[in-house]
Amino acid sequence: MAEDGDRAEQMPPPRPIDSIDRDILRILQTDGRASIRSVAERVHVSRANAYARINRLIDDGVIRGFSARVNHERAGQGASAYITLKIVQNSWRTVREQLQALPGAAHIALVSGDFDVLLLVHTSDNRTLRELVLTRLQSIPEVLSTRTLLVFEETDLDPGPGPAPGTVLGPASAPDAEPL
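The rules behind the values
- Residues numbered from 1 in each chain as written.
- Predicted model: local features only at pLDDT ≥ 70, side-chain atom pairs only at ≥ 80, totals over all residues.
- Heavy atoms only, no water.
- Pairing = 2+ DSSP bridges.
- Helix = DSSP H or I, 4+ residues; strand = E, 2+ residues; numbered from the N terminus.
- Axes fitted to C-alpha atoms, helices over the stretch in contact; angles between N-to-C directions.
- Contact = heavy atoms within 4.5 Å.
- Core = buried A, V, L, I, M, F, W, Y, C linked by side-chain atoms within 4.5 Å.
- Buried < 20%, exposed > 50% of the residue type's maximum accessible area, 1.4 Å probe, protein only.
- Polar contact = N/O pair within 3.5 Å; in protein donor to acceptor, adjacent residues only side chain to side chain.
- Salt bridge = Lys/Arg side-chain N within 4 Å of Asp/Glu carboxyl O.

**Q** Help me understand the sheet that holds strand E3 (residues 117–123) in this model?
**A** The pairing of strands in a sheet happens through backbone hydrogen bonds and is either parallel or antiparallel. Spatial ordering of the open sheet is given by E2-E3-E1-E4, a layout of four strands whose pairing is antiparallel. Either end of the sheet is taken by a strand with one partner, and the two such strands are strand E2 (105–110) and strand E4 (143–151). Taken pair by pair, the neighbouring strands of this sheet meet at an average axis angle of 20 degrees, ignoring direction. For strand E1 (residues 79–87) and E4, the ladder comprises eight bridges, and the chain directions are antiparallel. Along E4, the bridge assignment pairs isoleucine 83 with threonine 148. Each of E1, E2 and E3 touches helix H5 (residues 92–100); the most contacted strand, E2, lies at about 170 degrees to it. Lying on the sheet, helix H6 (residues 126–136) is in contact with E1, E3 and E4; it crosses E1 at an angle near 10 degrees.

Take a look at the structure:
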């Protein structure tokens, strides 16, 4: 399976996106289940044009996929934590592969600063989280140290309220534009 970093190296340079593409992205970020017909109507293009634009945004890697926003606690993942890792220099790709295989891993980032990697995990409870850190993470040879930050409460930020129902979006629409 190709990794995100490797896919980015294989992709052609990004094509410029216009205001219609930005409107399409805003609609899909607000409602990833919006139909092609609905998107086309809201940005005032044909369904074929909307379909082609969405496919181009996918092919260009602008849209990486569609997913559901999950309430982890209600889904049986009541313990969440950000875990910082210090790793052996030049071991990022190896460590990333092993972190991707961890149960409950939700986000992995190579960062700068006092640590090298920031990992977000969701587990069923603190006992499972402890096992993940002490048994799985600390047994990775390239991981030099970890620090676990428990999440007491979290709030997903919406991509924005999106346009109000009946708002006309079109080529002249700007992200800050007032509804017509």
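So, next bit.
**Q** Would you take a moment to explain the nonpolar core for this structure?
**A** Nonpolar side chains tend toward joint burial in soluble globular proteins. Ile83, Leu85, Leu99, Leu119 and Leu137 are the most contacted members of the largest nonpolar core, which totals 17 residues. Elements represented by at least two residues in this core include exactly E1, H5, E3 and H6. If we skip the residues at most four places from it in the chain, leucine 99 touches Leu85, Ala105, Ile108, Val117, Leu119, Leu137 and Ile140. Residues Ala34, Val39, Val43 and Leu57 belong to the second largest nonpolar core, which totals 14 residues.

**Q** Looking at this structure, how should I read the side chain of histidine 122?
**A** Along the chain, histidine 122 falls in strand E3. We classify histidine 122 as buried; its relative accessible area is 5%. One polar contact links histidine 122 to histidine 72, side chain to side chain, over a distance of 3.3 Å. Discounting chain neighbours no more than four positions away, the residues touching histidine 122 are His72, Gln77, Ala79, Ser80, Gly104, Ala106 and Glu154.

**Q** Explanation requested: the pattern of salt bridges in the structure shown.
**A** Where side chains of opposite charge bring their charged atoms close, a pairing between them can arise. The final tally for this structure, using the stated rule, is seven salt bridges. One salt bridge in this structure joins aspartate 23 and arginine 26, with 2.5 Å as the shortest N-O distance. Of this pair, aspartate 23 and arginine 26 both sit in helix H2 (residues 19–30), three residues apart, roughly one helical turn. Classification of arginine 26 as buried rests on a relative accessible area of 19%. Between glutamate 41 and arginine 37 there is a salt bridge, with its nearest N and O atoms 3.3 Å apart. Here arginine 37 and glutamate 41 lie together in helix H3 (residues 36–43), a separation of four residues that amounts to about one turn. Of the residues examined, arginine 37 reaches a relative accessible area of 52% and is grouped as exposed. Three or more residues joined by partner-sharing salt bridges are found here, namely Asp18, Asp21, Arg53 and Arg56.

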